[in-house]
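Structural characterization, general
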Amino acid sequence: QVQLVESGGGLVQPGGSLRLSCAASASDFSIYNMDWYRQAPGEEREWVAGIDSRGSPNYADSVKGRITISRDNAKNTVYLQMNSLKPEDTAVYYCRAARGRHNDWGQGTQVTVSS
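So, a few notes on the structure that sits alongside this text.

Reading the values: rules and limits
Residues numbered from 1 in each chain as written. Predicted model: local features only at pLDDT ≥ 70, side-chain atom pairs only at ≥ 80, totals over all residues. Heavy atoms only, no water. Helix = DSSP H or I, 4+ residues; strand = E, 2+ residues; numbered from the N terminus. Rg over C-alpha atoms; globule rule 2.2 N^0.38 Å. Buried < 20%, exposed > 50% of the residue type's maximum accessible area, 1.4 Å probe, protein only. Contact = heavy atoms within 4.5 Å. Areas by Shrake-Rupley, 256 points an atom, 1.4 Å probe, with all protein chains shown as cover. Salt bridge = Lys/Arg side-chain N within 4 Å of Asp/Glu carboxyl O. Phe/Tyr/Trp six-rings, centres within 6.5 Å; stacked < 30°, edge-to-face > 60°. Lys NZ or Arg CZ within 6 Å of the ring centre and 35° of its normal. Pairing = 2+ DSSP bridges. Axes fitted to C-alpha atoms, helices over the stretch in contact; angles between N-to-C directions. Disulfide = S-S within 2.5 Å.

1. Details of the overall build of the protein
In terms of helices and strands, the protein carries 0 helices and 11 strands. Ordered by position from N to C terminus, the α and β elements of the protein give β-β-β-β-β-β-β-β-β-β-β. Scaling as 2.2 N^0.38, a compact globule of 115 residues should have a C-alpha radius of gyration of about 13 Å, and the protein matches this with 13 Å. Projected onto its principal axes, the C-alpha positions of the protein cover 40 × 25 × 25 Å. Looking at the protein residue by residue over its 115 residues, the buried ones come to 41%. Of the contacts made within the protein by residues no fewer than 6 positions apart, 52% connect residues no fewer than 24 positions apart. Accessible area of the protein: about 6300 Å², with a carbon and sulfur share of 42%.

Written as structure tokens, this is what we have:
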């Protein structure tokens, strides 16, 4: 049972940067594997990046080199630093906490990349 709240979304120009945050309520946050997903209008939800309980990151090929996932266990927070943003990055970004077979999702935060 973990509550997730995303923040940091907004409107940015192409080439700009944005940092998303996901704050978790769990007292055992460090045990969870954390992931970021995104969903554009009319598209399926897409996995973007993940970070396990040891801090090891993984990225989708579409964002490698532009996005960095990190976590601060003392603050119960996972971050998604996004640079060199493109219009195709426009989507609602969701945070997910996973432990075993159980998943918890946040409500999402809108990211719009447009000139």
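2. Observations concerning the pattern of salt bridges
Within this structure, the stated rule accounts for 6 salt bridges. Measuring nitrogen to oxygen at the nearest pair gives 2.9 Å for the salt bridge that ties Asp 28 to Arg 99. Placement of Asp 28 in the loop between strand S3 (18–24) and strand S4 (33–39) and of Arg 99 in strand S9 (residues 91–99) is noted, with a sequence separation of 71 residues between them. Between Arg 38 and Glu 46 there is a salt bridge, and its shortest N-O distance comes to 2.9 Å. Glu 46 gets classed as partly exposed once you look at its relative accessible area, which sits at 32%. Here the salt bridges share partners, and the residues they tie into one network are Arg 38, Glu 46, Arg 66 and Asp 89.

3. Focus on the packing of aromatic side chains
Enumeration according to the criterion identifies 1 aromatic pair in this entry. In this arrangement the basic side chain of Arg 45 is found over the ring face of Trp 105, its NZ or CZ atom lying 4.9 Å from the centre. The cationic tip of Arg 71 hangs over the ring face of Phe 29; the distance from NZ or CZ to the ring centre is 4.7 Å.

4. Description of the sheet that holds strand S8 (residues 77–82)
Across a sheet, paired strands are connected by hydrogen bonds in the backbone, their directions being either parallel or antiparallel. If you walk across this open sheet you meet the 4 strands as S1-S3-S8-S7, and the pairing is antiparallel. The open sheet has two edge strands with one neighbour each: strand S1 (4–7) and strand S7 (67–72). Averaged over all pairs of adjacent strands, the angle between strand axes in this sheet comes to 15°, irrespective of strand direction.

5. Notes on the state of the cysteines
Tallying each qualifying case throughout the model produces 1 disulfide. Across a sulfur-sulfur distance of 2.1 Å, Cys 22 and Cys 95 are joined as a disulfide pair. In this structure, the disulfide formed by Cys 22 and Cys 95 twists by about -85° around the S-S bond and is classed as left-handed. Of this pair, Cys 22 sits in strand S3 while Cys 95 sits in strand S9, placing them 73 residues apart in sequence. Taken individually, Cys 22 and Cys 95 each receive the classification buried, so the pair is uniform in this respect.

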